[in-house]
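One letter stands for each residue in the lines below.
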Amino acid sequence: MRQARPVVRRRFLPLALSAALLPASAARAQEGGLASFLDVVEVEVFNVDVVVLGPDGEPLTGLEAADFVVLQDGQPVELTNFAAYRDEGFDAEAFGQAAAAGQAPARAAEPLLAPPPATWVVYVDQARLEPGPRNQVVSETRDFLAKALRPGDRALVATFDGAALKLLSPLSAEHEGALGALEQLRKQVGNPGALAGVASQVRAELLAVDPDSMTAQQQVDQILAMIEAAGKEEALRARASLFAVRDLLSIVAGLEGRVGLLLAGGGYEADPVAHLNRLVEAQFPQFVNPQNLLARELEADVADIRTQVGALQKSVNSARVTIYSIYAGASRGPAVSAEFGGIPTNSGPSIAPPNSMEAGATLSALAEATGGRSFVGAPDLAERLEVARTDFASYYSLGYRPPREPEPGAFHEVEVRVRREGAKVVHRRGLTVRSREDAASDAAVAALLADPHPTGPRGAALEAGAAEAARGRAQRVPLSLKIPLATVTLLPDGAVHRARLLIHYAVADPDGGFRRLEPRPLAFEVPNASLAGALGQHVSFK
């Protein structure tokens, strides 16, 4: 297993900051001509959490390791780890009904383990969410979370407020904070953007255009300019929204154990104003050059959004996260059931109008890629989300060693088959390998969010000096990271011992916003004659 990286965290001024230290490996040191005296052995194990459903759609228990076949990139791999988890208390009522009917509940061939504590993250993307759907989703999600959280489970609530990612509660096993944050979010006014108002204005101004008027061409041109400006604004919001999801996924990537991410939003459209352009073209084709409209759909903004969405879908499996997407766009349709389908491969926003198909499909694709389920905002959402709780109460954990040394950033397709007729398998579709640098950065963020906040391991400490005036209202805050030399690998190089570290920082503000700072390298050397005494001292990085 990989060695844990030191993580330190301290509060200072109105901000909180954490740092993770990544030691230079022996292999990297040798690239610089250093002779290593350490043999570093790392065993990489890929884990896949699998939900198996019987023909009746209920969890199928009693399976053994031999019942599973796992393929990576189409090639079978040998299981090295296997565990069958089931929360026996979760469906006690069903077991009681079976006993009353004279039916013996299925018993596992191997001892069943209680599921380890999980983390539940609720994320509400308020871009393109109307107040009604938004408040309903928040209320229903809170009702579900209050029932789903078990003792030991941790919870975190986050939102995209139209400008940036905000963390509304600490990552904590004390559930009142997360439930209270959802209640406060429900009472707040959302920030869905101005697109709905622009669409109404476009329709009103189109009605005012007299095609026989001398100013008709000018009026249509002004309407098209208004649409283009709205498209630019929506592109900025879409980028910010995608970056927020990316940052949120990097947060959960640093968490231990399984993570259930309830992701509610209006999805992502590359060109959300395309339907307005087509509306103008359909009503006044004589004043519109179709080639210009076609070129607009291929602009850099549209291409960039699609690229960002594609990158998000590829990177989503860098963490042990299962996404349960909730499409809550304004066009989700009235009086519908919350669940799209029983398993992700059969789900999709089929009830959405053509201009919203892309938006809903992006959320559904994220759920499918991680072995989750797809829902829409509806009055029965809390009830339908119970399937997520079932997924985390009864599942199998399969571990295997990859056939070849994994390359950071590489994506590997994973397929799991079960030797049981009629069984359905739900699992993430692949694994994205994180680099050690990314893992250290994610660990810094995870430490920043934890409650109670961890202290600096192995004696490491982060200290802040007095703030200094900088440009405008900004202040410069000197930081000093003190690292015990006894915890650092020092490699011999002639008359000295050398070390190289890479330090990752993350900073949070009182309003729940956070950002990562640029990683900083630290290289130093200790003379051999001073080595024994130096091991009891600290190295300071400012």
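Our subject is the structure that appears above.
In this report, the structure presented in the accompanying data block is examined. (Residues numbered from 1 in each chain as written. Predicted model: local features only at pLDDT ≥ 70, side-chain atom pairs only at ≥ 80, totals over all residues. Heavy atoms only, no water.)

Digging into the packing of aromatic side chains
Put simply, the test is: Any two rings among Phe, Tyr and Trp, with Trp reduced to its six-membered ring, count as a pair given centres within 6.5 Å; such a pair is stacked if its planes are under 30 degrees apart, edge-to-face if over 60, and tilted if neither. Each helix is a run of DSSP H or I of at least 4 residues and each strand a run of E of at least 2, with the numbering of both proceeding from the N terminus. Burial classes follow relative accessibility: with a 1.4 Å probe on protein chains only, a residue under 20% of its type's maximum area counts as buried, one over 50% as exposed, and anything between as partly exposed. Whether a charge sits over a ring comes down to the Lys NZ or Arg CZ being within 6 Å of the ring centre and within 35 degrees of the ring normal.
Overall, the coordinates contain nine aromatic pairs when judged by the stated rule. Considering the side-chain rings of Tyr324 and Phe392, the 6.5 Å spacing of their centres and the 55° angle between planes classify their relative orientation as tilted. Here Tyr324, found in strand β11 (residues 321–327), pairs with Phe392, found in helix α12 (residues 386–393); they are 68 residues apart in sequence, far enough to count as distant. Here the two residues Tyr324 and Phe392 agree in accessibility, since each one is buried. Three or more aromatic residues joined by ring pairs form one cluster here, namely Trp120, Phe144, Tyr324 and Phe392. Here the basic side chain of Arg258 rests over the ring of Phe392, its NZ or CZ set 3.9 Å away from the ring centre. Between Arg258 and the ring centre of Tyr395, over which it is positioned, the NZ or CZ distance is 4.3 Å.

What to know about the nonpolar core
Let me state the cut-off plainly: Among buried residues, the Ala, Val, Leu, Ile, Met, Phe, Trp, Tyr and Cys ones that are joined through side-chain atoms within 4.5 Å form a nonpolar core. Note on contacts: a residue pair qualifies if any of its non-hydrogen atoms lie within 4.5 Å across the two residues.
Among the nonpolar cores identified, the biggest contains 45 residues, and Tyr123, Leu165, Ile251 and Leu261 are the most heavily contacted of them. The element contributing the most residues to this core is helix α6 (residues 216–253), with nine residues. Other than its neighbours up to four places away in sequence, Tyr123 contacts Ala158, Thr159, Phe160, Leu165, Ser241, Ala244, Val245, Leu248, Leu261, Leu262, Leu263 and Ala264. Core analysis: the next-biggest nonpolar cluster, separate from the first, contains 30 residues, Val157, Ile326, Phe375 and Leu381 among them.

Some remarks on the sheet that holds strand β4 (residues 68–72)
Applicable threshold: Pairing between strands is defined by DSSP: at least two bridges between them are needed. The convention used is that axes are lines fitted to C-alpha atoms, helices contributing only their stretch in contact, and that angles between N-to-C directions extend from 0 to 180 degrees.
Reading across the sheet, the four strands line up as β5-β4-β14-β16 and stay open at both edges, with antiparallel pairing between neighbours. Taken across any chain shown, the strands that pair with only one partner, and hence form the sheet edges, are β5 (75–77) and β16 (430–432). Across the sheet, the axes of successive neighbouring strands diverge by a mean angle of 35°, strand direction being ignored. Pairing of β4 with β5 involves three bridges; the strand directions are antiparallel.

Considering the pairing of strand β3 (residues 46–53)
Counted residue by residue, β3 has seven buried out of eight residues, so it is predominantly covered. Bridge count between β3 and strand β13 (residues 394–400): five bridges; the pairing is antiparallel. Bridge assignment links Phe46 to a residue of β13, and that residue is Tyr400. Relative to strand β15 (residues 424–426), β3 runs antiparallel, the two sharing three bridges. Looking at β15, one finds that Val51 is bridged to Val426.

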